[in-house]
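# A structural walkthrough
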Amino acid sequence: MICAISGEAPEEPVVSKKSGLLFERRLVERHVADYGKCPVTGEPLTMDDIVAVKTNKAVKPRPLQAASIPGLLGMFQNEWDALMLSNFALEQQLHTARQELSHALYQHDAACRVIARIKKERDEARELLAQADRQMPISTGATANSLVVSNGKRAAEDEEMGPGGKRPRPGISDAIIDELTACNTTLSAQRKKRQIPESLAAADDFQSYTQISSHPLHKTSKPGILSIDIHPSEDIIATGGVDSNAVIFDRTAGQILSILTGHSKKVTCVKFVPREEMFITSSADKTVRLWQGSSEGNYTTQHVLKDHTAEVQAVSIHATHNYFVTASLDNTWCFYDLSSALCLAQVAEDEASTNKGYTSAAFHPDGLILGTGTTEAVVRIWDVKSQSNVAQFDGHQGPVTSISFSENGYFLATVAQDGVKLWDLRKLKNFRPFSKDEEAQTYAAEFDHSGSYLATVGSDIRVYQTAGVRQDWNLTKRFEDLSGTGKVSSVKFGRDAKYLAVGSMDRNLRIYGLPLPGSMLED
């Protein structure tokens, strides 16, 4: 059967009642719809005159071009060309989609940067507002027109902006000076009557001291403990780490109470304030944070201080517990009021100084003088009342990394690359150097609260029994087997020197003391 229109076998055959001709249904329907007559005879024709023919499904004969190899090759070539054109169109669409996605991602990134900048501006505005609120009550009652100049003396200045575009500091008022002087008088009188407590660990006890516990407190990605402090009334230990966190640890319970986050770089110093559960941290991110503790052991940031322009290396709490000092690599130290978090004085070296910044700082036990160590191996002693440099100790090599005053008020221990030096504050001279061993390094030194022992740490841990200027400072105990601990960077005596807490660069807090009953630990 052949279609009268196409001349090929129809797929759906139909026949005309009038002419009896065979058609392909789709072809004849289209012709009738357009012309209304038979395509062959020209007679009028409607679809009612068309009758479907039921037949077996016809198999289309092969096209003529498929009857030879050249014809087949031509067909394949046409199909391949069509495929390539389709593939090219898809690649064009993919390229366009990638460009649109890249543009959308760029817009998203730009939006995120704008949001981050706006948030930063908002936080800075809030901080400025908070600082203004803190300064308002002080500027009316304190000597707001006094400014600490570079040589440490206070000079009257107008309330206009000072050199460098910085507003003058309120200054250390006469009332504060009277408070510091009264504290010094009281503590000096108490020192003369003070006796060594009977509960203090004996020198012979140190022979039995051994490591009794080790606690990994900081992150493994940036390991290292840089500073350590112990609460004066409790067995609570604080550590500051390279991972930019400070950790509050309960030694008795053996567990972490709180992890303080907020600094963006390493925490260089941690200090407990024995008042209202306050805590202070300094950091390489140029800031100092004041934290407020709760009865549950949690700490929240109360103030973020941004008076320094370089890494803040040290914090020291005054004996009144009302003030503290920070020292920075920007070659200045700041005197703060603790309750308001206001910088009362920022003291800078004179222009002729070769110092490149402060690396350590500590108050004298009586609170009227301040010791600072510099990157240029110089130790400077300051009169806090006048903020003037009253003494200078030379002789170290390398940055002075640690400063500690003895509780008797006479001795100062300093640490640098060449080891530990002991200074007599009455004669302003070095009377005893502890030279470093060829293979040993010392990074920190600390007197115990009674002034009876001095601990030095670095490649090893050593405890000396203190003596006078002319007596030997006997080595009481040396912990040598510190394999795997890394550099021991900080040390603090526990209450009555019953234990030593040391921090090392392997992120572990280690406790040394008398072995616990039934313990298998060996010295």
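Residues numbered from 1 in each chain as written. Predicted model: local features only at pLDDT ≥ 70, side-chain atom pairs only at ≥ 80, totals over all residues. Heavy atoms only, no water.

### Notes on the overall build of the chain
A count of helical and extended segments in the chain gives 3 helices and 33 strands. Counting only residues that meet the buried cut, the chain has 45% of its 523 residues in that class. Split by element, the accessible area of the chain, about 27600 Å² in all, is 51% carbon and sulfur. (Helix = DSSP H or I, 4+ residues; strand = E, 2+ residues; numbered from the N terminus. Buried < 20%, exposed > 50% of the residue type's maximum accessible area, 1.4 Å probe, protein only. Areas by Shrake-Rupley, 256 points an atom, 1.4 Å probe, with all protein chains shown as cover.)

### What to know about the sheet that holds strand β30 (residues 475-479)
If you walk across this open sheet you meet the 4 strands as β27-β28-β29-β30, and the pairing is antiparallel. The open sheet terminates on both sides in strands that have one partner only, identified here as β27 (442-447) and β30. Strand-to-strand twist across the sheet, computed as the mean angle between neighbouring axes with direction ignored, equals 15°. Alignment of β27 against strand β28 (residues 453-458), held across 5 bridges, turns out to be antiparallel. Counterpart to F447 in the pairing with β28 is L454. (Pairing = 2+ DSSP bridges. Axes fitted to C-alpha atoms, helices over the stretch in contact; angles between N-to-C directions.)

### Some points on the sheet that holds strand β6 (residues 210-216)
In space, the 4 strands of this open sheet follow the order β6-β33-β32-β31, with antiparallel pairing throughout. Each having just a single partner strand, β6 and β31 (488-493) make up the two edges of the open sheet. When strand polarity is set aside, the average angle formed by the axes of neighbouring strands in this sheet is 20°.

### So, the confidence of the model for the chain
Across the chain, pLDDT averages 85, with 87% of residues at or above 70. Confidence drops under pLDDT 50 across residues 137-165; counting only partners more than four residues distant or on other chains, this segment forms 48 contacts. (pLDDT = per-residue confidence, 0-100. Contact = heavy atoms within 4.5 Å.)

### Concerning a nonpolar patch on the surface
A surface patch of nonpolar side chains, amounting to about 410 Å² of accessible area, comprises I69, L72, L73 and F76. If you trace the backbone, I69 turns up in helix α2 (residues 69-141). Look at I69 and you get exposed, because its relative accessible area is 63%. (Patch = residues over 30% accessible without salt bridge, like charges linked within 9 Å, V, L, I, M, F, W, Y side chains within 5 Å. Salt bridge = Lys/Arg side-chain N within 4 Å of Asp/Glu carboxyl O.)

### Observations concerning the side chain of H218
Here H218 shows up in the loop between β6 and β7 (225-230). Polar contacts involving the side chain of H218 include one to the side chain of T239, which spans 2.8 Å. (Polar contact = N/O pair within 3.5 Å; in protein donor to acceptor, adjacent residues only side chain to side chain.)

### Observations regarding the nonpolar core
By size, the foremost hydrophobic cluster in this structure holds 21 residues, and its most contacted members are I172, I176, L180, W333, F335, L344 and L370. With 4 residues, strand β18 (residues 342-348) is the single largest residue contributor to this core. Setting aside chain neighbours within four positions, we find I176 in contact with Y323, F335 and L344. Counting residues in each nonpolar core, the second largest holds 19 residues, with L200, F479, V491 and A497 among its members. (Core = buried A, V, L, I, M, F, W, Y, C linked by side-chain atoms within 4.5 Å.)

### Concerning the pairing of strand β13 (residues 288-293)
Counting buried residues in β13 gives 5 out of 6 residues, a clear majority hidden from the surface. Of the strand pairs in this sheet, strand β12 (residues 278-283) and β13 are connected by 5 bridges, and their pairing is antiparallel. Bridge pairing links M278 to Q292 in β13. Between the end of β12 and the start of β13, which pair antiparallel, lie 4 residues, with K286 showing a positive phi angle near 80°. Where β13 meets strand β14 (residues 299-305), 6 bridges bridge the pair, whose relative direction is antiparallel. Within the sheet, the bridge partner assigned to L290 lies in β14 and is H303. Count of turn residues in the β13/β14 antiparallel hairpin: 5 residues, of which G297 carries a positive phi of about 90°.

### Details of the packing of aromatic side chains
Counted according to the given criterion, the structure contains 14 aromatic pairs. Look at W333 and W382: their rings are 5.6 Å apart centre to centre, the planes differ by 65°, and that puts the pair in the edge-to-face class. Linking W333 in strand β17 (residues 332-337) with W382 in strand β21 (residues 379-383), this pair joins segments that are 49 residues apart in sequence. Accessibility classification places W333 together with W382 in one group, the buried group. Each ring, one from F411 and one from W473, has its centre 5.5 Å from the other, and the planes form 70°; the classification is edge-to-face. One end of the pair, F411, is in strand β24 (residues 411-416); the other, W473, is in the loop between β29 (461-465) and β30, with 62 residues separating them in the sequence. F411 gets classed as buried once you look at its relative accessible area, which sits at 5%. By way of ring pairs, the aromatic residues F411, F431, F447 and W473 are connected into one cluster. Between R251 and the ring centre of Y499, over which it is positioned, the NZ or CZ distance is 3.9 Å. Positioned over the ring face of Y443 is K487, at 4.4 Å from the centre of the ring. (Phe/Tyr/Trp six-rings, centres within 6.5 Å; stacked < 30°, edge-to-face > 60°. Lys NZ or Arg CZ within 6 Å of the ring centre and 35° of its normal.)

### Description of the side chain of S404
The topology assignment puts S404 in strand β23 (residues 402-405). In this structure the side chain of S404 is engaged in a polar contact, spanning 3.1 Å, whose partner is the backbone nitrogen of F447.

### Some words on unusual backbone geometry
With a phi angle near 75°, S244 is a residue other than glycine that sits in the positive phi range. Among the secondary structure elements, S244 is positioned in the loop between β8 (236-241) and β9 (246-250). Judged by relative accessible area, S244 falls into the buried class, the value being 14%. Even without being glycine, H321 reaches a positive phi, approximately 65°. Checked against the element boundaries, H321 lands in the loop between β15 (312-317) and β16 (323-328). The exposure class assigned to H321 is partly exposed, which follows from its relative accessible area of 27%.

### Observations concerning the pattern of salt bridges
Here the structure, examined in full by the defined rule, presents 15 salt bridges. We note a salt bridge from K18 to D49, for which the minimum N-O separation is 3.6 Å. Separated by 31 residues along the polypeptide, K18 in the loop between β1 (13-16) and β2 (22-24) and D49 in the loop between α1 (25-35) and β3 (50-52) bring together distant segments of the chain. For D49, a relative accessible area of 15% corresponds to the buried category. For the salt bridge of D366 with R191, the shortest nitrogen-to-oxygen distance reads 2.6 Å.

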